[in-house]
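Residue-level structure breakdown
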Amino acid sequence: MVKNLILTSTNRSVGRAILQHGDRSSIIKLIVDTEAGNGMPANKPKADLLKAVAESPISDVLEGRHPARSEKEWAEKTLAPTLEKAPEKPIGAPTGTNLDEHGHARFSTISNEPIRRLYTRADLPADWNYDQYLGYPGQPPYTRGIHSTGYRGKLWTMRMFSGFASPEETNQRYKYLLEHGGGGLSVAFDLPTLMGYDSDHPASEGEVGKCGVAIDSLEDMEILFDGISLENVTTSMTINSPASVLWAMYLVVAEKQGADWKKISGTLQNDILKEYIAQKEYIYPPAPSMRLVIDTFEFGSKFTPRFNTISISGYHIREAGSTALQELAFTIYDGVEYVEWARRRGLDVDDFGPRLSFFFNAHNDFFEEIAKYRAGRKIWYRLMKDRFGAKNDRTRLMRFHTQTAGVSLPAQQPMNNIARVALQALAAVLGGTQSLHTDAYDEALALPTEEAARIALRTQQIIAFESGAAQTVDPLGGSYFVEKQTLDMENGAFLYFDKLDQMGGMVKAIERGYPQKEIAEASYQYQRAVEANEKITVGVNDFVIEEESPNILYIGESVARAQEKKLKALRARRSSEEVQRRLDALKQAAAKAPTAGTNGNISDVNTMPFIVDAVRAYATVGEICEALRQVYGTYTEVSVT
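Report on the accompanying structure.

1. Here we look at the environment of serine 313
- For serine 313, the location among the structural elements is in strand 6 (residues 310–313).
- Judged by its relative accessible area of 0%, serine 313 falls in the buried class.
- Residues serine 313 and valine 559 lie 246 residues apart in sequence; the distance between their C-alpha atoms is 30 Å.
- In this view, serine 313 contacts Gln269, Asp271, Lys274, Thr331 and Phe359; residues no more than four positions away in its chain are not counted.

Below is the structure:
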């Protein structure tokens, strides 16, 4: 038998031998146990046989797997002859990441995780069973979704992200989106607002209204939501370092409208950890920043029980170049860090936990993204149940918003981005998102035009009402490929968690530069593959054409001048003494260490009530953030080496 094995030298014969006798190690044992040279031609030494075994294009059928007899027969009788006649060809240049160590075509996800040609029951754990690993929708471990009926009872919220130029102009865009079927609003703020500066601050020059709407005071927030009932619409606000300030403004506008704070709903991004990791729009050092976040947890649990006080965001981690696994692992571990800090404050996880939400990216690799969302629900359930002992079922549920991947939308041939966004949005829906924003095709060039924003919304509506994707729960559940990717995501995330635990948590890891370095390396490797044409981006490094520039939305400096004029008038008519008094009270509270409130009250030095008081007096974003800068200082990032 061994003699026959050695005398056959083609890949097909080697493949048959592998399938007959077991994996590579079994064949090695057969060779070692055979008398040296027994029936072996001199020109066929054992090393050559081992090389042929290793290089067989069907050796992976058995490597680390236990396939059924029928799969072995398929590999021998159908697959091997096919590969002999027509070897597999990689997508992209046949170099680098697209070839394995034996020169065979290698297929991988956008995150460069290897993909097999076929997935079967043999790719799942030996003890894989439906109840333990998959379960039913609306039941632990929530792999198949947090709602038992999926989207049959309620579609995801079509939440369009918008904000540009002045509050007046953005208000008109919001009304346009709501009139055309948008189910919720998502506010994009300009860079000065994100960094806690007023529009007339020197650091704001050239940036006012350019990447979002300029909000300087309660007056601007009143204009932004003029004619829009905050009790009847859900609003998400993409704001982090000054999150508590902008949220206070939103709450005061709702109050002025006569809305009940306990009835308003929406989401505050408020995720400062991912700013240090990826987006870099931070103001204060990590510890006081975390204190401000926990203040919002405590305040929200008491006064705004339907408002999500944080959206723990992987979106920006992915946009910075992370892999799908890094996005999932770092995002969920950020959630772990927030829970740890809140518990150290003395808060009960079942009080604030149900209002924690997540925000993920939807990138181009369709199945990888779906697996990421499914794994995320399983992981969060395990953490809340086992690590934090949550008793409330709602605390154990991962609720998440998704946005299609802006970084994946090139400026070249921008109309192609409509197809990319549709695929990304469909992945989010099949993964069970609770709300979704679809990017406009022209976002690589400028803020979206009205037409581009409408097409983005229509993309969601076509998926919802024409594709059939919303008619059944988790339609890809049970797919060997998707289930294997889901398990790999879950296991890979827990390996990252072990490393982060050993470092002392995410804040400590950030101070060491660990997640920043991991993301930088992943980003570099992907860019290298693109530049080598090993990863294809249609219209960028292949299928390139000459084209004219499209019409784009232009934001001029007139917005800045108008905001400066409004600020000057506001400061002239408000009570400067009252503003200063409330800012001083805020500084005194911020300087004290908070403890959990007692008898149903919040901490006496929780900063939120003091910020709300300052907002009511029409203190500006810049003034409130400057007051906190005087207490906490500012942060300079550690160098990543």
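On we go.
2. What about the packing of aromatic side chains?
- All chains considered together, the criterion is met by 30 aromatic pairs.
- Measuring from ring centre to ring centre gives 5.5 Å for phenylalanine 297 and phenylalanine 352, while their planes differ by 15°; the resulting arrangement is stacked. One end of the pair, phenylalanine 297, is in helix 12 (residues 286–303); the other, phenylalanine 352, is in helix 15 (residues 349–352), and 55 residues separate them in sequence. When sorted by exposure, phenylalanine 297 lands in the same class as phenylalanine 352, which is buried.

3. Concerning helix 17 (residues 416–430)
- Given a rise of 1.5 Å per residue, 15 residues ought to cover 21 Å, and the 22 Å separating the end C-alpha atoms of helix 17 matches this to within 8%.
- Within helix 17, the full set of buried residues consists of Asn417, Arg420, Val421, Gln424, Ala425, Ala427, Ala428, Val429 and Leu430.
- Glycine 432, located one to two residues past helix 17, shows a positive phi value of around 90°.

4. Some details on empty space enclosed by the protein
- Throughout the structure, instances matching the rule amount to five cavities of 30 Å³ or more.
- In this model, the largest cavity occupies a volume close to 170 Å³.
- Around the largest cavity sit 17 residues that line it, and Arg144, Gly150, Tyr151, Gly432 and Val473 are the ones nearest its centre.
- For the lining of the largest cavity, a count of residues per class yields seven nonpolar, seven polar and three charged.
- Its boundaries defined by the atoms lining it, the second largest cavity holds a volume of some 70 Å³.
- In terms of lining residues, the second largest cavity is bounded by Asn240, Ser241, Ala243, Ser244, Asn270, Ile272, Tyr284, Ser289, Leu292, Val293 and Thr296.
- In terms of residue count, the dominant contributor to the lining of the second largest cavity is helix 12 (four residues).
- Across the lining of the second largest cavity, the residue classes break down as five nonpolar, six polar and no charged.

About the thresholds
Residues numbered from 1 in each chain as written. Predicted model: local features only at pLDDT ≥ 70, side-chain atom pairs only at ≥ 80, totals over all residues. Heavy atoms only, no water. Helix = DSSP H or I, 4+ residues; strand = E, 2+ residues; numbered from the N terminus. Buried < 20%, exposed > 50% of the residue type's maximum accessible area, 1.4 Å probe, protein only. Contact = heavy atoms within 4.5 Å. Phe/Tyr/Trp six-rings, centres within 6.5 Å; stacked < 30°, edge-to-face > 60°. Expected span 1.5 Å × (residues − 1). 1 Å grid on protein atoms, 1.4 Å probe; cavity = no way out; pocket = protein on both sides within 12 Å on 5 of 7 lines; lining within 4 Å. Points joined across faces, edges and corners; volume = space filled by probe spheres on them. Nonpolar A, V, L, I, M, F, W, Y, C, P; charged D, E, K, R; others polar.

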